[in-house]
Amino acid sequence: MTQVRTVSLPQDLCAEAERQFGSRFDNFEALLTFVLQEITKVDASLLDQAEQQIIEQRLKDLGYL
Amino acid sequence: MKPRSLVLVTVDCLRADHVGFLGYSRPVTPFLDSLAAESFVVPNAIVGGVPTYYSFPAILASRYPLAMGRDLVGLVPDEVSLPSYLKQSGYMTASFVAANPYVSRKFGYGQAFDTFCDFLDQEMAAEATFYSKQSRTFRAVLNRSIERLSRNLGPVGTLYDELYFRYCQLAGPSVQSLDSLRPFPSADAIVDRALEWVGSVCPSPFFLWLHLMDPHAPYYPAEEALRAIGATAVSPSRARYLNSYWNRRDLGSNRLRSLRDAVIELYDGSIRWVDMQMARLVDTLKGLQVWDQSALVFTADHGEEFLEHGARFHGPWTMKEELIRVPLLVRVPGVFGREVSKKPFSHLDLAPTLLHALDLAVPREFQGRSDWGEWNRREGWERPAVVESTECINPDQPEDRLASRVLCIRDSRYKLILRFGCGQEQLFDLHSDPSEMAPLPADIEKPVRRRLLEYARRHIEGAQRIDSRKHRLRARSRELRIVLSKSAPAD
Ligand SMILES: [Zn+2]
């Protein structure tokens, strides 16, 4: 099992989040996990770096780098 | 005297070579042509991205569309933009957008406007329908069935295909008018609402932005506008047939070409309707006594292709001049306008230039710079225009946004197009090959190629240096809220 970490959050905030979105999740931890996965899952800058490398390779091929 | 108000009119899909003031011979823009005589006319205005969802960040926020990361589309929450800056400077702000879902609140365009009306509650969402929903329509399903059947029938299938398609067109529900076929509000409706708003806020300084969709496919111009350009009368069922035919994916360029002129006539009719409504807009602003204190900007978010290079409509990957070069006319009261330098002028520099004309400072967040001084001194500038997009055609799906970049570096003479997804690199000499028919061989003009590649490299490097973490988190939260409100997680 993945290691877990215990966090403290304001009670009012948790209650409001559960009220708005809780019915779609088994429990509050599942809701929080989903939100954190969603905001961390994509790193578009990796694509920028890959494209940057393609240009650099092209310049090398032309004898300029 | 500095203008007190600013009116920005953007037109979807209007290419530069289809307006009279940039040389088009058909009488599609008589009013705008007359206005051009007292305006700054930019002969080579280049968009920041293609299509709509990659173009507007440059126009409204002076930002390259992928600068915040390609997974963020539209304006990000609290982004400094032309409307937010003007609002902060005491302007009343309003926007009336003709039902283009990519220019809606969902993509951040509602922020900073006191009044924002995108007509999406009342109308069909045209551009989303055009790209992502068309595959689900009855006609699309029918067309795919025909395509499969005709492949199985061999040569006889082509004839069957054509006959059956024509039969379906004729047998479809009858339509009374071209207006009833149009899937978005036409320019007259947008102008009506905008003028009502101006009447309610003047004499306060205001920023008004109209986005008109009339020349966007499907092309259903007002009959009055078709008559005005001397076009042959087109019945609603004929217009529907032309649009359906033009939208077919199973036909090659040669077959489509047979109806190209008729389709372009419809497109031109739509431009004339925009011109007629622009005349009405200006007339009413004069009547309200605000014209003499208002600057007016007229431009487009991108152009449109009519098979010049085999493609139709406005996909994000070709970067040909038909798509990236748009009309740009800026009329400032009390300033003698003229045609400015033929150097490429990026939409990225539009907002800074307009703020300069309004005697306001340029926010440091803007990536562009003002050319107001150069315009007035009739001088040129030396930087090329950069156009960027990805091959994503459905930004509604966040995972689709992570598509490969398409990048175009265009200077006065040369144009480099890089498609990272397929590894294609094309260099064109626009002086010897203005139609971009033959990319230069790889061993020709190597120093030019190097210069433009270096520019491309610096451009991508610059994007990586922008610290967008705060904006990114807010933008992702905005989208997450939409996801959570709509559906449960997948697992
Ligand atoms: Zn558009």
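Going by the structure above, here's the rest.
Residues numbered from 1 in each chain as written. Chains lettered and ligands numbered in written order. Predicted model: local features only at pLDDT ≥ 70, side-chain atom pairs only at ≥ 80, totals over all residues. Heavy atoms only, no water.

## Comments concerning the overall build of chain B
And step 1. Within chain B one finds 16 helices and 16 strands.
And step 2. Counting the 491 residues in chain B, one finds 61% classified as buried.
And step 3. Contacts spanning at least 24 positions in sequence make up 73% of the contacts within chain B whose residues lie at least 6 apart.
And step 4. Carbon together with sulfur atoms contributes 51% to the accessible area of chain B, which is approximately 19,000 Å² in total. (Helix = DSSP H or I, 4+ residues; strand = E, 2+ residues; numbered from the N terminus. Buried < 20%, exposed > 50% of the residue type's maximum accessible area, 1.4 Å probe, protein only. Contact = heavy atoms within 4.5 Å. Areas by Shrake-Rupley, 256 points an atom, 1.4 Å probe, with all protein chains shown as cover.)

## Considerations on the pattern of salt bridges
And step 1. The full count for this structure, using the stated rule, is 36 salt bridges over all chains.
And step 2. Residue Asp48 of chain A pairs with Arg405 of chain B through a salt bridge whose shortest N-O separation is 2.7 Å. Taken together, the positions of Asp48 of chain A in helix H3 (residues 45–61) and Arg405 of chain B in strand S14 (residues 405–410) put the pair across two chains.
And step 3. Judged by relative accessible area, Asp48 of chain A falls into the buried class, the value being 5%.
And step 4. The buried category is assigned to Arg405 of chain B, whose relative accessible area is 0%.
And step 5. The partner of Asp250 of chain B in a salt bridge is Arg248 of chain B, with the nearest N and O atoms 2.9 Å apart.
And step 6. The exposure class assigned to Arg248 of chain B is buried, which follows from its relative accessible area of 1%.
And step 7. Overlapping salt bridges bring together Asp48 and Glu51 of chain A together with Arg70, Glu388 and Arg405 of chain B as one network. (Salt bridge = Lys/Arg side-chain N within 4 Å of Asp/Glu carboxyl O.)

## Some thoughts on empty space enclosed by the protein
Left-over empty space is what a probe sized like a water molecule reveals as it rolls over the atoms.
Residue and element names in this part refer to chain B.
And step 1. For the structure shown, the criterion picks out 2 cavities of 30 Å³ or more.
And step 2. The calculated volume of the largest cavity comes to roughly 40 Å³.
And step 3. Lining of the largest cavity is provided by Arg4, Ser5, Pro203, Ser204, Pro205, Phe206, Val290, Gln293 and Ser294.
And step 4. Counted as a void, the second largest cavity has a volume near 30 Å³.
And step 5. Every residue along the wall of the second largest cavity is listed here: Pro344, Phe345, Ser346, Asp349, Asp371, Trp381, Arg383, Pro384 and Ala385.
And step 6. For the lining of the second largest cavity, the class distribution of residues is 5 nonpolar, 1 polar and 3 charged. (1 Å grid on protein atoms, 1.4 Å probe; cavity = no way out; pocket = protein on both sides within 12 Å on 5 of 7 lines; lining within 4 Å. Points joined across faces, edges and corners; volume = space filled by probe spheres on them. Nonpolar A, V, L, I, M, F, W, Y, C, P; charged D, E, K, R; others polar.)

## Some points on the sheet that holds strand S12 (residues 345–346) of chain B
Residue and element names in this part refer to chain B.
And step 1. Strand order in the open sheet formed by 3 strands is S10-S3-S12, and the pairing between neighbours is mixed. The open sheet has two free edges, formed respectively by strand S10 (325–326) and S12, since each of these has just one partner strand.
And step 2. Here strand S3 (residues 45–46) runs beside S10; their pairing, made up of 2 bridges, is antiparallel. Paired with Ile46 across the strands is Arg325, a residue of S10. (Pairing = 2+ DSSP bridges.)

## A few points about the packing of aromatic side chains
Residues and elements named next belong to chain B.
And step 1. For the coordinates displayed, the defined rule picks out 21 aromatic pairs over all chains.
And step 2. Taken together, a centroid distance of 6.3 Å and an interplanar angle of 55° make the contact between Tyr109 and Trp209 tilted. In this pair, Tyr109 is assigned in the loop between strand S4 (92–97) and strand S5 (115–117) and Trp209 in strand S6 (residues 206–212), connecting sequence segments 100 residues apart.
And step 3. Members of the aromatic cluster, each reached through a chain of ring pairs, are Phe56, Tyr109, Phe113, Phe116, Phe207 and Trp209.
And step 4. Stacked on the ring of Trp291, the Lys or Arg Arg331 has its end atom at 3.8 Å from the ring centre. (Phe/Tyr/Trp six-rings, centres within 6.5 Å; stacked < 30°, edge-to-face > 60°. Lys NZ or Arg CZ within 6 Å of the ring centre and 35° of its normal.)

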